[in-house]
Amino acid sequence: MTGFTDTLLASNLASVDSAEAMVVESAAAMGFEEDAQMDLGLAIREAMVNAVAHGNAYSPDKQVRLILEAHGGAIRVTIIDQGQGFDLNQVPDPTQGENLLRESGRGLLLMQAFVDEFSVKRSPAGGAEVVLVKYASETGR
Amino acid sequence: MSARFTTRQVGDVTVIDAVGRITLGEGSALLRDTVKSLVAAGNKKLLMNLGDVSYIDSSGVGELVYSFTTVTSQQGQFKLLNLSKRVEDLLQITKLYTVFEVHDDETRAVRSFS
């Protein structure tokens, strides 16, 4: 299955739900195992929350761009916000003792844990651009 | 399915039966309100039954941490019961498995409260 969609989403929690549902539906159509669908769905959810809440600060004037590419047994999702961007190296490690009991700050950890490839950079416009890739199977890599 | 929390008393232990998805928004807010109300009412032995929770995101994990710190700061105890494989994996990845006391048998879990 091959596919490409480029969607602009409002900066609210409904967009988080719809993005997750859209990507999970594509993964199911491509034959991803149920666990892999849920893993990918969670990673997308975390990336969308990051974009909507931290990047765009729920601003009605800002949008999140979601690019979904399905190709050759892999799904690649790019999520771009209109915030200030961030440096992954500056984000505190939530598994370290002093951060372990913090109530937030685990989203990036979970994104990285539940996809096969993860990267983040500053988009040309200055916001965060997160790329998540998940393969349908180990042999699909 | 959004989250639902119901409570029941087993001796002096309050069991919170959670159902559904604990995610940012309604689910995580509802969990916070539930724990806040219980602690305010003087309940300090809380056992969170996650057996029917299908999904938790980082916000839900954060609410479990909030519950733990809120209860323990009042000299209470907050423990987890019946983790699904997914929730267990989340706690392993976040290294919170070592923070929470986790049980898979309710009777033994209730007895474990001092």
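Now for a look at the structure at hand. (Residues numbered from 1 in each chain as written. Chains lettered and ligands numbered in written order. Predicted model: local features only at pLDDT ≥ 70, side-chain atom pairs only at ≥ 80, totals over all residues. Heavy atoms only, no water.)

## Brief notes about the overall build of chain B
Rule in force here: For the purposes of this entry, the term helix denotes a DSSP run of H or I that reaches at least four residues, the term strand denotes a run of E that reaches at least two, and both are numbered from the N terminus. Both definitions apply: the radius of gyration is a C-alpha atom measure, and the globule rule equals 2.2 Å times residues to the power 0.38. Type-normalised accessible area, obtained with a 1.4 Å probe on protein chains alone, sets the label of each residue: buried when under 20%, exposed when over 50%, and partly exposed for intermediate values. Contacts are assigned to residue pairs with any non-hydrogen atoms lying within 4.5 Å of each other. Per-residue accessibility takes into account occlusion by the displayed protein chains alone, with areas from the Shrake-Rupley method and a 1.4 Å probe. Asp and Glu count as negative and Lys and Arg as positive, but His and the ends of the chain are not part of the count. Just so you know, the charge point we use is NZ for Lys, CZ for Arg, CG for Asp and CD for Glu.
Looking only at helices and strands, chain B features four helices and five strands. Computed over its C-alpha atoms, the radius of gyration of chain B comes to 13 Å, within 12% of the 13 Å expected for a compact globule of 114 residues. In chain B, which comprises 114 residues, the proportion classed as buried is 52%. A fraction of 65% describes how many contacts in chain B between residues 6 or more apart in sequence connect residues 24 or more apart. Put simply, chain B shows about 5000 Å² of open surface, and 47% of that area lies on carbon and sulfur atoms. Averaging the coordinates of the 13 positive side-chain charges in chain B and doing the same for the 13 negative ones gives two points 3 Å apart.

## Looking at the sheet that holds strand 5 (residues 101-103) of chain B
Residues and elements named next belong to chain B. Our working rule: In this scheme, strands are said to pair when DSSP sees at least two bridges between them. Simply put, an axis is a line fit to the C-alpha atoms, just over the touching stretch for a helix, and the angle between two N-to-C directions goes from 0 to 180 degrees.
Strand order in the open sheet formed by five strands is 1-2-3-4-5, and the pairing between neighbours is mixed. A strand with exactly one partner marks an edge of an open sheet, and here the two such strands are strand 1 (4-10) and strand 5. Between one strand axis and the next, the sheet turns by 25° as a mean value, whatever way the strands run. Bridge count for strand 3 (residues 45-56) against strand 4 (residues 77-81) is five bridges, and the pairing is parallel. Within the sheet, the bridge partner assigned to Leu47 lies in strand 4 and is Lys79. Across the sheet, helix 1 (residues 26-40) touches strand 1, strand 2 (13-22) and strand 3, and the angle it forms with strand 2 is around 170°.

## Observations regarding the interface of chain A and chain B
To keep it simple, the criterion reads: Accessible area that two parts lose when put together, evaluated with a 1.4 Å probe and summed over both, is termed the buried area. By definition here, a salt bridge exists when the distance from a side-chain nitrogen of Lys or Arg to a carboxyl oxygen of Asp or Glu is within 4 Å. By the criterion applied in these results, polar contacts are pairs of N or O atoms within 3.5 Å in which, for protein atoms, one can donate a hydrogen and the other can accept it, and in which residues neighboring in sequence qualify only through two side-chain atoms. Each residue gets one of three labels, nonpolar for Ala, Val, Leu, Ile, Met, Phe, Trp, Tyr, Cys and Pro, charged for Asp, Glu, Lys and Arg, and polar for the others, Gly among them.
Facing 22 residues of chain A, the contacting portion of chain B comprises 23 residues. Across the chain A to chain B interface the summed buried area is about 1900 Å²; carbon plus sulfur atoms make up 63%. It is Leu101, Glu103 and Arg106 of chain A in chain A that bury the most area against chain B; as a group they hold 29% of the surface buried on that side. Linking chain A with chain B are four salt bridges, by the criterion used here. Remark: the boundary between chain A and chain B carries eight residue pairs in polar contact (both at pLDDT 80 or more). A per-element tally of the side of chain A that touches chain B places helix 2 (residues 34-55) of chain A first, with eight residues. Within the side of chain A that touches chain B, the residues separate by chemical class into 11 nonpolar, three polar and eight charged.

## Describing unusual backbone geometry
For Ala57 of chain A, which is not a glycine, the phi torsion comes out positive at approximately 50°. Among the secondary structure elements, Ala57 of chain A is positioned in the loop between helix 2 and strand 2 (63-71). Backbone geometry places Asn82 of chain B, a non-glycine residue, at a positive phi of 55°. Tracing the backbone through its elements, the reader meets Asn82 of chain B in the loop between strand 4 and helix 3 (85-93). Given the relative accessible area of 28%, Asn82 of chain B is considered partly exposed.

## Points about the packing of helix 2 of chain A against helix 3 (residues 107-114) of chain A
Residue and element names in this part refer to chain A. Cut-off, in case you're wondering: Note on angle classes: values under 35 degrees are labelled roughly parallel, values over 145 roughly antiparallel, values of 65 to 115 roughly perpendicular, and the remainder oblique. The hand of a helix crossing depends on one turn: near helix anticlockwise from the far one by less than a right angle means left-handed, and clockwise means right-handed.
Close contact between helix 2 and helix 3 brings their axes to 8 Å; oriented N to C, the two are set at 150°. Between helix 2 and helix 3, the angle falls in the class roughly antiparallel. Our pair here, helix 2 against helix 3, has a crossing hand that is left-handed. In contact with Asp39, Leu40, Leu42, Ala43, Glu46, Ala47 and Asn50 of helix 2, helix 3 contributes Gly107, Leu108, Leu110, Met111 and Phe114. Looking at the contact of helix 2 with helix 3, its residues break down into eight nonpolar, two polar and two charged.

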